[in-house]
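Chain by chain, the residues:
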Amino acid sequence: MAASIPPKQSPETPSVKWRFPTVHPEGRKFVAIALVFAASSLWWFDFITWPLLGLALFVAAFFRDPVRVTPQGEGLIVSPADGLITMIERVNLPRELAGPNALGDKPMVRVSVFMSVFDVHINRTPITGTVRHVIYVSGKFLNADLDKASEENERQYFVVEDKNGVRVGFTQIAGLIARRIMAFTKSGDMVVAGQRIGLIRFGSRVDVFVPEGYAVNVALGQRAVAGETVLARKGGQDVTGVSQ
C-alpha cells in the first residue's frame, strides 16, 4: 500500500500588530512644556500637578501620528483628514482655486471633513502627483462646521496634479480654536497618495473638491480616516448612507 503524502503546507500569512502612535515632532515641544510645568508644580502648587499631567497627555494625543495604509490603484481619491463627513454639495470654486492654472471655472462637488479636537490632525495628500499650488489666506476663526468658514476663516489651499493631468484641490480651514495651519510641502514637490502634507492645530476642517467624472464614495455622517478612506473614485455612482 502506497504511503500517503502529507498536504503541502502553505506559507504563513504575516500578521500585523497594533503599534502605539508616535507624537509628531511639531507637538513634542508642547508636551515637554506641559511636563515641565507639571514637574515644577510639585514644589509650588502640587494640587495642579495631575491636571497638568492630564494636559500633557491630551497634547500628546492631539499630535499623535499613526501609521496609515493607503489604498493603491488608478482613479482613487483618499481622504486628506480624519473626521466627520459634514457636507457634500456642488459649489462654485473659491477664487484661489479657480482659473485655467488651477481647477477651472465650473462648479465642483465639495466634500467637507470636520476634525474635532479628538481627531488626528495630520493631513495627507489625496492623490499621487505634483503640488501645483500652495496658497495661504489669513482670516477669521469661526466655527469650522459653518459653511461660511470656507470663505472667511484662515485657510490654506492645495492643488495636486496626477500623471494624467487630473487636478484635485483641497483646503485646510482653521476652526474656532485653531490658530495655526502648517504645510509640509511646497509648490513643485512630488507627493504620493497618503503622504503627510500638513497640520492644523486644535480643531478645524478640510474641504476636498472632487473632479468631474469621479463619484463620491462616502456619505454624510460617515467617519473618514486620513490616507485610508476612499473619498471618491473615477466612474461609478455616488454612494448613499443610512444612520443606524
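Rules behind the numbers
Residues numbered from 1 in each chain as written. Predicted model: local features only at pLDDT ≥ 70, side-chain atom pairs only at ≥ 80, totals over all residues. Heavy atoms only, no water. Axes fitted to C-alpha atoms, helices over the stretch in contact; angles between N-to-C directions. Helix = DSSP H or I, 4+ residues; strand = E, 2+ residues; numbered from the N terminus. Parallel < 35°, antiparallel > 145°, perpendicular 65-115°, else oblique. Contact = heavy atoms within 4.5 Å. Nonpolar A, V, L, I, M, F, W, Y, C, P; charged D, E, K, R; others polar. Phe/Tyr/Trp six-rings, centres within 6.5 Å; stacked < 30°, edge-to-face > 60°. Buried < 20%, exposed > 50% of the residue type's maximum accessible area, 1.4 Å probe, protein only.

Enquirer: I would appreciate a short explanation of the packing of helix α1 (residues 25-44) against helix α2 (residues 49-62) in the present structure.
Expert: Axes are the key here: two packed helices are described by the angle between their axes and the distance separating the axes. Taken N-terminus to C-terminus, the directions of α1 and α2 make an angle of 170°; their axes are 8 Å apart at the nearest point. The orientation of α1 with respect to α2, classified from their angle, is roughly antiparallel. Between α1 and α2, the contacting residues are Gly27, Phe30, Val31, Ala34, Leu35, Phe37, Ala38, Ser41 and Leu42 on the first element and Thr49, Leu52, Leu53, Ala56, Val59 and Ala60 on the second. Residues belonging to the contact of α1 with α2 are distributed by class as follows: 12 nonpolar, 3 polar and no charged.

Enquirer: Would you mind going over the packing of aromatic side chains with me for this structure?
Expert: The geometry of two aromatic rings is summed up by the distance between their centres and the angle between their planes. For the structure shown, the criterion picks out 2 aromatic pairs. With a centroid separation of 5.8 Å and 5° between ring planes, the pair formed by Phe30 and Phe63 is classed as stacked. Remark: Phe63 occurs in the loop between α2 and β2 (64-65) and Phe30 occurs in helix α1; sequence separation between them is 33 residues. Residue classification places Phe30 among the partly exposed residues on the basis of a relative accessible area of 26%. On the numbers, 5.0 Å between centres and 10° between planes, the contact of Phe158 with Phe170 is stacked. One end of the pair, Phe158, is in strand β8 (residues 155-161); the other, Phe170, is in strand β9 (residues 167-174), and 12 residues separate them in sequence. The buried category is assigned to Phe158, whose relative accessible area is 0%. The exposure class of Phe170 is buried, given its relative accessible area of 1%.

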